[in-house]
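Listed below are the residues making up each chain.
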Amino acid sequence: MKKRLTLAVFFIAALGIAISSLFGVWTYRCQEISAARQTLIELLNLLDAQSNYTGPEALVSQFSAAVPDKRLTIIAPDGTVLADTLGEVTKNHADRPEFQSALSGKTGEAMRQSDTAGIVLLYEAKPFFDGNVGRISMPVSSVNALILRGVIGFLSAAAVALVLTLLLARILAARTAAPIERQEEALSAQGEKLQTVKSEFAANVSHELKTPLTSIKGFTDMLASGMVKKPEDQKQFITMIGVEVDRLIELINDVLKLSELESVAMPQPDERADLLDVAKKTMEFLEPVARSAGITLSVTGMAQTVSISANRLRELISNLVENGIKYNTPGGRVDIQVENREGRAVLTVSDTGIGIPPEAQERVFERFYRVDRGRTRKTGGSGLGLAIVKHITLLYGGSIHLESTVGKGSVFTVSFPAAT
């Protein structure tokens with residue numbers, strides 16, 4: 001299990017690093033090509049100022065001495081090459097796309113293999129004041145050499161990131177698997193049962209990882225195949241990959257929370273928190289999410305101190321309220337009430353959402369159980385929220401009760417011993 005989790009986390013991170021590096025190299029190359037084109041245009045502008053006073057042969061001779069690594073061609077309006085730094089060129093250039101663009105009064109550009117030089121050149125052409133067309137070209141290989149030096153930096157950073165990712169993946173896997181391994185040692189007499197639990201847990205995690213990983217692979221395959229050509233479409237695909245990576249991170253974080261809860265033998269006796277105060281702060285934090293979904297939040301009740309850390313309470317309340325928001329309808333409500341019943345602090349979270357069918361109410365606290373998988377895929381979530389709520393409640397000597405009616409909403413009632 002530790003190995004599988006390590007490989008899964010490493011694969012996700014490596015995929016993200018690879019895509020980021022490729023996108024960075026592609027962007028860097030575009031910038032360098034653009035800079036090279038701008039340089040050629042600036043040279044053409046300088047030559048244009050001299051073309052009315054200097055003949056084509058003299059202009060080419062001066063250019064060759066000043067800029068030996070680039071090629072200058074002076075072309076007559078009918079496509080005849082008047083002068084070229086490579087020597088005499090007899091082939092007519094009227095069909096060259098950059099020449100045709102220049103004849104129309106615009107700057108022309110192209111990138112192709114030269115029939116004369118036999119290498120791939122970057123071309124820029126411009127109509128001169130004397131009526132001829134000036135064209136400057138340079139080998140694309142010189143731009144690629146510059147890009148290659150920059151790519152070395154990208155690859156070095158990516159290599160360092162991959163090494164760190166592998167180390168972090170191993171630590172994460174070790175922390176995640178540690179509680180299960182401890183249980184395995186303590187329950188060696190029940191090895192078969194424990195193996196079943198582990199297999200089921202691994203199968204559930206693998207299933208939850210499979211969907212976003214499949215999406216990520218599909219997006220990256222399309223990017224790699226060249227099917228997505230427009231920069232805006234490529235950016236959209238990279239954004240979708242980021243969304244799927246965020247889903248995986250959420251799943252891993254929730255697995256870690258469950259593992260942490262299972263590894264705690266008993267809570268610390270000096271932990272204290274005001275249930276009402278934590279509920280108000282949690283509601284304030286979730287208010288923007290609720291507002292965007294058209295849901296109204298409210299908190300009422302009296303201050304109640306419980307022997308639970310504020311972080312644990314915040315986690316419990318957040319999961320209940322987030323479920324109330326996700327599985328609600330626009331214009332709905334999620335209400336929290338805090339009160340004291342017979343010496344116990346009671347938290348009630350009620351919503352006006354879609355409700356839970358009776359046959360599913362006893363299973364909603366199981367790991368990865370979802371009442372409606374199709375809706376959950378749209379709204380997000382790892383399927384571990386209510387399992388985390390149950391673990392926190394039981395860890396601190398509390399109890400949880402659910403009442404729900406399909407189409408009307410749900411009420412979760414959590415009670416803890418009031419702190420003395």
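Keep in mind the model is a prediction, meaning the values are calculated, not measured.

Conventions we followed
- Residues numbered from 1 in each chain as written.
- Predicted model: local features only at pLDDT ≥ 70, side-chain atom pairs only at ≥ 80, totals over all residues.
- Heavy atoms only, no water.
- Pairing = 2+ DSSP bridges.
- Helix = DSSP H or I, 4+ residues; strand = E, 2+ residues; numbered from the N terminus.
- Axes fitted to C-alpha atoms, helices over the stretch in contact; angles between N-to-C directions.
- Contact = heavy atoms within 4.5 Å.
- Phe/Tyr/Trp six-rings, centres within 6.5 Å; stacked < 30°, edge-to-face > 60°.
- Buried < 20%, exposed > 50% of the residue type's maximum accessible area, 1.4 Å probe, protein only.
- Lys NZ or Arg CZ within 6 Å of the ring centre and 35° of its normal.
- Expected span 1.5 Å × (residues − 1).
- Salt bridge = Lys/Arg side-chain N within 4 Å of Asp/Glu carboxyl O.
- Core = buried A, V, L, I, M, F, W, Y, C linked by side-chain atoms within 4.5 Å.
- Left-handed = near helix turned anticlockwise from the far one by under 90°.
- Nonpolar A, V, L, I, M, F, W, Y, C, P; charged D, E, K, R; others polar.

Considerations on the sheet that holds strand β11 (residues 399-405)
In space, the five strands of this open sheet follow the order β7-β9-β10-β12-β11, with mixed pairing throughout. Single-partner strands in this sheet number two, and they are β7 (296-301) and β11. Between one strand and the next, the sheet's axes are offset by a mean angle of 15°, whatever the strand orientation. The sheet contact formed by β7 and strand β9 (residues 333-341) spans six bridges and is parallel. Note on β9: the bridge partner recorded for Val299 is Ile336. Seen against the sheet, helix α10 (residues 385-395) touches β11 and β12 (409-417) and runs at an angle of roughly 25° to β12.

Describing the environment of Leu43
Its location among the elements puts Leu43 in helix α1 (residues 2-51). Separated by 29 residues in sequence, Leu43 and Leu72 place their C-alpha atoms 9.9 Å apart. Beyond its immediate sequence surroundings of up to four residues, Leu43 is in contact with Phe63, Lys70 and Ile136.

Comments concerning the packing of aromatic side chains
Following the criterion strictly, the structure yields one aromatic pair and no others. An angle of 85° between the planes, with centres 6.3 Å apart, marks the rings of Phe365 and Phe412 as edge-to-face. Residue Phe365 is found in the loop between β10 (344-351) and α9 (373-379), and its partner Phe412 is found in strand β12; the two are separated by 47 residues along the sequence. Phe412 matches Phe365 in its accessibility class, with the two residues each being buried. Taking the ring centre of Tyr123 as reference, the NZ or CZ of Arg112 above it sits at 4.3 Å.

Some words on the sheet that holds strand β1 (residues 71-75)
Strand order in the open sheet formed by five strands is β2-β1-β5-β4-β3, with antiparallel pairing between adjacent strands. Only two strands of the sheet have a single partner each, and these edge strands are β2 (81-84) and β3 (108-113). Neighbour-to-neighbour, the strand axes of the sheet open up by a mean angle of 20°, direction not taken into account. Here β3 pairs with strand β4 (residues 120-127) via six bridges, running antiparallel. Bridge pairing in β4 links Met111 to Leu122. Its contacts with the sheet put helix α2 (residues 56-66) on β1, β2 and β5 (133-139), and the angle it makes with β1 is roughly 170°.

Observations concerning helix α8 (residues 310-326)
Residues that lie three or four places apart on an α-helix share one face, since the helix turns once every 3.6 residues. Helix length check: α8, at 17 residues, gives a terminal C-alpha distance of 24 Å against a target of 24 Å (1.5 Å per residue), a fit within 8%. Buried residues of α8: Arg312, Leu313, Leu316, Ile317, Ser318, Asn319, Leu320, Val321, Gly324 and Ile325, and no others.

Concerning the pattern of salt bridges
Pairs can form between side chains of opposite charge once their charged atoms are near each other. Tallied over the full model, the rule gives twelve salt bridges. In this structure, Glu98 and Arg135 form a salt bridge, with 2.9 Å as the shortest nitrogen-oxygen distance. Here the residue Glu98 occupies a position in helix α3 (residues 97-103), and Arg135 occupies one in strand β5, the gap between them amounting to 37 residues. For the pair formed by Glu98 and Arg135, the shared burial category is buried. Each of Arg37, Glu109 and Glu124 takes part in one network of salt bridges that share partners.

Some remarks on the nonpolar core
If you look at the biggest cluster of nonpolar residues, it comprises 38 residues, and the most contacted ones within it are Leu297, Leu316, Ile317, Val321 and Ile336. Ranked by residues supplied to this core, first place goes to helix α7 (residues 275-293) with seven residues. When near neighbours in sequence (up to four residues on either side) are disregarded, Leu316 contacts Leu347, Val389, Ile392, Thr393, Val414 and Phe416.

Examining the pairing of β2
One ladder, built from three bridges, connects β1 with β2; its direction is antiparallel. Counterpart to Ile75 in the pairing with β2 is Val81. Taking the residues between adjacent antiparallel strands as the criterion, β1 and β2 are bridged by five residues, where Gly79 takes a positive phi near 95°.

Details of the packing of α8 against α10
Interaxial distance between α8 and α10 falls to 9 Å at its minimum, and their mutual angle equals 145°. As for the relative orientation of α8 and α10, their crossing is left-handed in sense. Residue-level contacts link Arg312, Glu315, Leu316, Asn319, Leu320 and Asn323 of α8 to Gly385, Leu386, Ile388, Val389, Ile392 and Thr393 of α10. In terms of residue class, the contact of α8 with α10 is made up of six nonpolar, four polar and two charged.

A look at unusual backbone geometry
What is expected of a backbone is that most residues other than glycine have negative phi and most peptide bonds are trans. Even without being a glycine, Glu342 presents a positive backbone phi close to 55°. Here Glu342 is to be found in the loop between β9 and β10. Taking the relative accessible area as the measure of exposure, Glu342 reaches 83% and is therefore exposed.

Read these as geometric descriptors, not functional statements.
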